[in-house]
Amino acid sequence: ELPIIMLAHNVQDGVQLQDGLSSSFIDNTYIWCCDSNLLLAIVKNVEDRRNVDFDTQKAMVRVILYVEDSPVNRSQVLPILYNEVVEQTHAVLDEGLNDQHRLLKMRARPKILTAGSYEEAIELFTRYRHNIYALLTDARFSKDGVVIGDAGIQLIEEVRKQVPDLPVLMLSTDSANE
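Residues numbered from 1 in each chain as written. Predicted model: local features only at pLDDT ≥ 70, side-chain atom pairs only at ≥ 80, totals over all residues. Heavy atoms only, no water.

Before going further, it helps to spend a moment on the overall build of the chain. Looking only at helices and strands, the chain features 6 helices and 8 strands. Expressed as a percentage of its 178 residues, the buried residues of the chain come to 38%. Pairs at least 24 residues apart make up 67% of the contacts formed inside the chain by residues separated by at least 6 positions. For the chain, the computed accessible surface area is about 10,600 Å², with 52% contributed by carbon and sulfur atoms. (Helix = DSSP H or I, 4+ residues; strand = E, 2+ residues; numbered from the N terminus. Buried < 20%, exposed > 50% of the residue type's maximum accessible area, 1.4 Å probe, protein only. Contact = heavy atoms within 4.5 Å. Areas by Shrake-Rupley, 256 points an atom, 1.4 Å probe, with all protein chains shown as cover.)

Laid out in structure tokens, this is it:
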């Protein structure tokens, strides 16, 4: 049950390590980009994965689904997402609250779940459908074991069939996806 996170110093090391090892025991891969916020984001993401079932069932906590297969992009975007979510949560905390209520409100912040493939994204979406707050997705990632350029569009189409008004943001470095 111990999460295993691979933290590489550069993209080449991350890819070589991942290709050379059985990735079945690695939960996620990140590329260290000299930003200490990445470490905090990794810890928060592991905590979110561990707490999401309890928090969604007992406290109806919302979920942001982030689909990205690139360790580089995930390493850059995830700290920004967590920083923004925590900042927004702090902004709604009432100064009149005691420390225990503040802690409860912070725990009730939206959870961010990451997926690296179409199948993983669909599984998470299906499981937490009633708690999904937003979908952030890359355009290109694997579906059925093959990297597909429009997997993100296919994911959005499938999600929108079930939740037509769900906020969606597609992230892509490919200008053709503009």
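This part takes up the packing of helix α2 (residues 37–59) against helix α5 (residues 118–128). Between two packed helices, both the angle of their axes relative to each other and the distance between the axes serve to describe the pair. One way to put it is that α2 packs onto α5 with a least axis distance of 11 Å and a crossing angle of 25°. Viewed along their axes, α2 and α5 adopt a mutual orientation that is roughly parallel. Along the contact surface, α2 presents R49, V52, D53 and T56, while α5 presents E120, L124, R127 and Y128. Across the contact of α2 with α5, the residue classes break down as 3 nonpolar, 1 polar and 4 charged. (Axes fitted to C-alpha atoms, helices over the stretch in contact; angles between N-to-C directions. Parallel < 35°, antiparallel > 145°, perpendicular 65-115°, else oblique. Nonpolar A, V, L, I, M, F, W, Y, C, P; charged D, E, K, R; others polar.)

Using the criterion set out here, one finds 5 salt bridges in the structure. Note that E120 is salt-bridged to R49, the shortest N-O span being 3.1 Å. Taken together, the residues E120 in helix α5 and R49 in helix α2 connect sequence positions 71 residues apart. Note on E120: relative accessible area 29%, which makes it partly exposed. Here E158 makes a salt bridge to K161, at a shortest N to O gap of 3.6 Å. Pair noted here: E158 and K161 are both in helix α6 (residues 151–162), with a separation of 3 residues, about one helical turn. (Salt bridge = Lys/Arg side-chain N within 4 Å of Asp/Glu carboxyl O.)

Position of E68 among the secondary structure elements: in the loop between β3 (63–67) and α3 (71–92). Here E68 occupies a buried position and makes no salt bridge, while the nearest side chain of opposite charge, R74, is found at 6.0 Å. Setting aside anything within four residues of it in sequence, one finds E68 in contact with N73, R74, A115, G116 and D138. (Lys, Arg positive; Asp, Glu negative; His and termini not counted.)

Okay, the nonpolar core next. In summary, soluble globular proteins display a tendency toward joint burial of nonpolar side chains. Grouped together as the largest cluster of nonpolar side chains are 20 residues, with contacts concentrated most on L65, V67, L135 and L155. At the level of secondary structure, the elements contributing two or more residues to this core comprise β3, β4 (111–115), α5, β5 (132–138) and α6. For V67, the residues in contact, after removing those within four places along its chain, are A115, S117, A121, L135, L136, T137, D138, F141 and L155. (Core = buried A, V, L, I, M, F, W, Y, C linked by side-chain atoms within 4.5 Å.)

Attention shifts here to α2. Counted at 1.5 Å a residue, the expected span for α2 with its 23 residues is 33 Å, but the 27 Å between its end C-alpha atoms falls short. The sharpest bend along α2 reaches about 55° and sits at N51. When we look at burial in α2, the residues that qualify are L38, A41, I42, K44, N45, D48, V52, D55 and T56. Note on α2: the residue one or two positions beyond its end, M60, has a positive phi of about 50°. (Expected span 1.5 Å × (residues − 1). Bend = angle between axes of the 7 residues up to and from the residue.)

Let us now look at the side chain of T114. Within the element layout of this structure, T114 appears in strand β4. There is a polar contact of 3.3 Å between the side chain of T114 and the side chain of N28. Sequence-distant contacts of T114, defined by excluding residues within four places in its chain, comprise N28, N45, R49, Y66, R74, L78, E120 and L124. (Polar contact = N/O pair within 3.5 Å; in protein donor to acceptor, adjacent residues only side chain to side chain.)

Pairing is parallel across the open sheet formed by 4 strands, whose spatial order is β4-β3-β5-β8. The open sheet has two edge strands, β4 and β8 (168–171), and neither has a second partner. Across the sheet, the mean angle from the axis of one strand to that of its neighbour is 15°, orientation sign disregarded. In this structure, β3 lies alongside β4, joined through 5 bridges in parallel fashion. What sits directly across from I64, in β4, is I112. Along the sheet, α2 contacts β3 and β4; its crossing angle with β4, the most-contacted strand, is approximately 115°. (Pairing = 2+ DSSP bridges.)

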